[in-house]
Amino acid sequence: MNLYDIFFYTFAAITLISAFFVVFTKNIVHAAFNLMLTFFGVAGIYILLAADFIAIVQIIIYVGGILILILFGVMLTNKITDISLKSDASFIIPASISVGLFAGMLIATLLNTEWKSFEHGQPIPTLSNLGILLMNEYLLVFEILGVLLLIALIGAAMIARKEKA
Amino acid sequence: MTSVGLYHFLVLSSLLFSLGIFGIITRKNAVMVLMGLELILNSANINFIAFARFGNFGFNGQMIALFVIILAAAEAAIALAIVLNIYKNFATVNVDEIDKLRE
């Protein structure tokens, strides 16, 4: 068992255990902070997969952006002094059974499929290659995503605004 | 115990996906449903990047993962705005109590 395997199992344990707490804890704020740990664990998995730029983007956008948005959502839609900060769950037992069956089916299918796996050796730096792809093959997608983010921001501000103009 | 390879990452992402599905099914709070959605998007991203590393697709997998992260940011902004509006109109964000299309 070499160092790579130890890091993989560490990050996988961080990801899965904190995701478990996200799903099962009663307190929404605890769930949000466990979600942060999940995002960090997934970023570590990305680094192990030689995707350094994606890992940094994951930390900046997910932890710095989306998680803050979710925390704002929690704070603005729940009275902190109230007991409604607790989020109750329903259908625990049927959901456990069906999701367990689903996960077993998924993993059995994955393990019984002969995926073609290529050995790439040492990972190469990704940043320059991603930039070249972004400015050549994916230029149209890049531009459309810029417009989409603008529309999403304007739309979110319109929807969340106090009174209609 | 075998050395870590493609299958380990695929099993990890499918477990994360199942946890996300479980969160979406069982939680009543709309913000918690959103958190389950983020778990699912992350598991899909792990798959994309694992196949970018172990497959023969160059950097296209990492590119798609980048686009998924951008779309997740846009989706979170819109969804939180909708949740705030629902809270303003119904004074609750439990998805099983919001069953009116108009007042």
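Computed from a predicted structure; not experimentally measured.

Cut-offs and rules
Residues numbered from 1 in each chain as written. Chains lettered and ligands numbered in written order. Predicted model: local features only at pLDDT ≥ 70, side-chain atom pairs only at ≥ 80, totals over all residues. Heavy atoms only, no water. Salt bridge = Lys/Arg side-chain N within 4 Å of Asp/Glu carboxyl O. Helix = DSSP H or I, 4+ residues; strand = E, 2+ residues; numbered from the N terminus. pLDDT = per-residue confidence, 0-100. Axes fitted to C-alpha atoms, helices over the stretch in contact; angles between N-to-C directions. Parallel < 35°, antiparallel > 145°, perpendicular 65-115°, else oblique. Left-handed = near helix turned anticlockwise from the far one by under 90°. Contact = heavy atoms within 4.5 Å. Nonpolar A, V, L, I, M, F, W, Y, C, P; charged D, E, K, R; others polar. Buried < 20%, exposed > 50% of the residue type's maximum accessible area, 1.4 Å probe, protein only. Lys, Arg positive; Asp, Glu negative; His and termini not counted. Core = buried A, V, L, I, M, F, W, Y, C linked by side-chain atoms within 4.5 Å.

### Overview of the pattern of salt bridges
Residues and elements named next belong to chain B.
- Under the counting rule described, the total for this entry stands at one salt bridge over all chains.
- Ionic pairing is found between lysine 28 and aspartate 96, a salt bridge with its closest N-O pair at 3.7 Å. Taken together, the residues lysine 28 in the loop between helix 1 (6-26) and helix 2 (30-54) and aspartate 96 in the segment after helix 3 (60-90) connect sequence positions 68 residues apart.

### Observations regarding the confidence of the model for chain A
- On average, residues of chain A score 87 in pLDDT, and 92% of them are at 70 or above.
- Within chain A, the element-level pLDDT minimum falls on helix 3 (residues 52-77) of chain A, averaging 90, and the maximum on helix 1 (residues 3-24) of chain A, averaging 93.

### Some details on the packing of helix 4 (residues 92-112) of chain A against helix 1 of chain B
- The geometry of helix 4 of chain A relative to helix 1 of chain B is characterised by a closest axis approach of 9 Å and an angle of 160° between their N-to-C directions. Classified by the angle their axes make, helix 4 of chain A and helix 1 of chain B are roughly antiparallel. Once helix 4 of chain A is placed against helix 1 of chain B, the crossing between them reads as right-handed. Facing helix 4 of chain A, whose interface residues are Ile92(A), Ala95(A), Ser96(A), Val99(A), Phe102(A), Ala103(A), Leu106(A), Ile107(A), Leu110(A) and Leu111(A), helix 1 of chain B presents Tyr7(B), Leu10(B), Val11(B), Ser14(B), Leu15(B), Phe17(B), Ser18(B), Ile21(B), Phe22(B), Ile25(B) and Thr26(B).
- Tallied by class, the residues present in the contact of helix 4 of chain A with helix 1 of chain B amount to 17 nonpolar, four polar and no charged.

### Comments concerning the environment of Leu110(A)
- Looking at the element boundaries, Leu110(A) is found in helix 4.
- Judged by relative accessible area, which is 14%, Leu110(A) ranks as buried.
- Setting aside residues up to four positions removed in sequence, Leu110(A) forms contacts with Trp115(A), Tyr7(B), Leu10(B), Val11(B) and Ser14(B).

### As for the side chain of Glu38(B)
- Within the secondary structure, Glu38(B) is located in helix 2.
- Here Glu38(B) is buried and forms no salt bridge, its nearest opposite-charge partner Arg27(B) lying at an N-O distance of 15 Å.
- Excluding its chain neighbours within four sequence positions, the residues that come into contact with Glu38(B) are Phe39(A), Tyr62(A), Ile66(A), Ile70(A), Ala72(B), Glu75(B) and Ala76(B).

### Considerations on the nonpolar core
- Residues Ile54(A) and Met35(B) are the most contacted members of the largest nonpolar core, which totals 66 residues.
- Residue contributions to this core peak at 11 residues, all from helix 3 of chain B.
- The residues touching Ile54(A), leaving out its near neighbours within four places in the chain, are Tyr46(A), Leu130(A), Ile49(B), Gln62(B), Ala65(B), Leu66(B) and Ile69(B).

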